[in-house]
Amino acid sequence: MVRLITHNLLACHVKGCTTNNFPLVFQDVQVELQEAEFNPDFIRNMLSRLEWTALVNAAKQVGDTSLPPEQPDMMDDELLQKLHHVLMEIHVTDGAMVCQNCNHIYPISNGIPNMLLAEHEIG
């Protein structure tokens, strides 16, 4: 399943697509919620690796508005729980991710993103 923690790492790699290729935009997605064990240390350790604005926007694209627009300096337990939910419990099962620059579509089917490129798209 595509989780938002994974989505936050993905960019378009089509030949010549080198600017504005992150983040990919969700389009026509189906979402499934799956509970996951809360690990606050893992969430804290992931903070420095996340692109906050991209995460907040992706969460909005799948219907979650629980995160603040700006990354807070301090993370209380309530915010860690919300972040855990967004990163670990929201699963995109079907739909697509689209590059903002070249409009390449990466389909998602049965929770698996197809990130393969055709030979002429490889740079």
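Structure first, text after, so check above.
Rules used in this analysis
Residues numbered from 1 in each chain as written. Predicted model: local features only at pLDDT ≥ 70, side-chain atom pairs only at ≥ 80, totals over all residues. Heavy atoms only, no water. Salt bridge = Lys/Arg side-chain N within 4 Å of Asp/Glu carboxyl O. Helix = DSSP H or I, 4+ residues; strand = E, 2+ residues; numbered from the N terminus. Core = buried A, V, L, I, M, F, W, Y, C linked by side-chain atoms within 4.5 Å. Buried < 20%, exposed > 50% of the residue type's maximum accessible area, 1.4 Å probe, protein only. Contact = heavy atoms within 4.5 Å. Pairing = 2+ DSSP bridges. Disulfide = S-S within 2.5 Å.

Peer 1: Help me out: how do you make sense of the pattern of salt bridges in this one?
Peer 2: For side chains of opposite charge, pairing can occur when their charged atoms come near one another. Applying the stated criterion across every chain, the model contains two salt bridges. Here Asp41 and Arg44 are joined by a salt bridge, their closest N and O atoms 3.2 Å apart. Placement of the pair is Asp41 and Arg44 together in helix H2 (residues 40-46), with a separation of three residues, close to one helical turn.

Peer 1: Explain the nonpolar core to me, please; I cannot follow it from the model alone.
Peer 2: What tends to happen in soluble globular proteins is that the nonpolar side chains get buried as a cluster. Leu4, Phe26, Leu55, Leu67, Leu83 and Leu87 are the most contacted members of the largest nonpolar core, which has 34 residues in total. Per-element accounting of this core gives the leading share, six residues, to helix H4 (residues 77-89). Here Leu87 is in contact with Arg3, Leu4, Ile5, Ile43, Leu50 and Leu55, once residues within four sequence places are set aside.

Peer 1: Could you clarify how one ought to interpret the pairing of strand S3 (residues 90-98) in this entry?
Peer 2: Regular strands place their side chains on alternate faces of the sheet. Extensive coverage of S3 is indicated by the burial of seven of its nine residues. Of the strand pairs in this sheet, strand S1 (residues 2-3) and S3 are connected by two bridges, and their pairing is antiparallel. Across the sheet, residue Arg3 finds its bridge partner in S3, namely His91. Both strand S2 (residues 25-33) and S3 contribute to a ladder of seven bridges, which runs antiparallel. Across the sheet, the residue bridging to Val31 is Val92, located in S3.

Peer 1: Even after reading the chapter, I still don't get the state of the cysteines, so can you show me in this structure?
Peer 2: Throughout this description, disulfide means a covalent bond between two cysteine sulfur atoms. Scanning the entire structure with this criterion turns up zero disulfides. No disulfide involves Cys99; its sulfur sits 3.4 Å from the nearest other cysteine sulfur, which is in Cys17.

Peer 1: Looking at this structure, how should I read the environment of Pro69?
Peer 2: With respect to the secondary-structure elements, Pro69 resides in the loop between helix H3 (52-61) and H4. The sequence separation of Pro69 and Trp52 amounts to 17 residues, and the corresponding C-alpha distance is 8.1 Å. Among all residues touching Pro69, those that are not within four sequence positions of it are Trp52 and Val56.

Peer 1: For this particular structure, what's the right way to read unusual backbone geometry?
Peer 2: Trans peptide bonds make up the majority, and among non-glycine residues the majority have a negative phi. Cis geometry marks the peptide bond from Phe22 to Pro23; its omega dihedral reads -5 degrees. Take Pro23: it is sitting in the loop between helix H1 (4-7) and S2. The backbone of Asn103 shows a phi angle near 65 degrees, a positive value even though the residue is not glycine. Locating Asn103 in the fold gives a position in the loop between S3 and strand S4 (105-109). On the accessibility criterion, Asn103 (53% relative accessible area) is exposed.

Everything listed here is a matter of geometry and, on its own, says nothing about what the molecule does.
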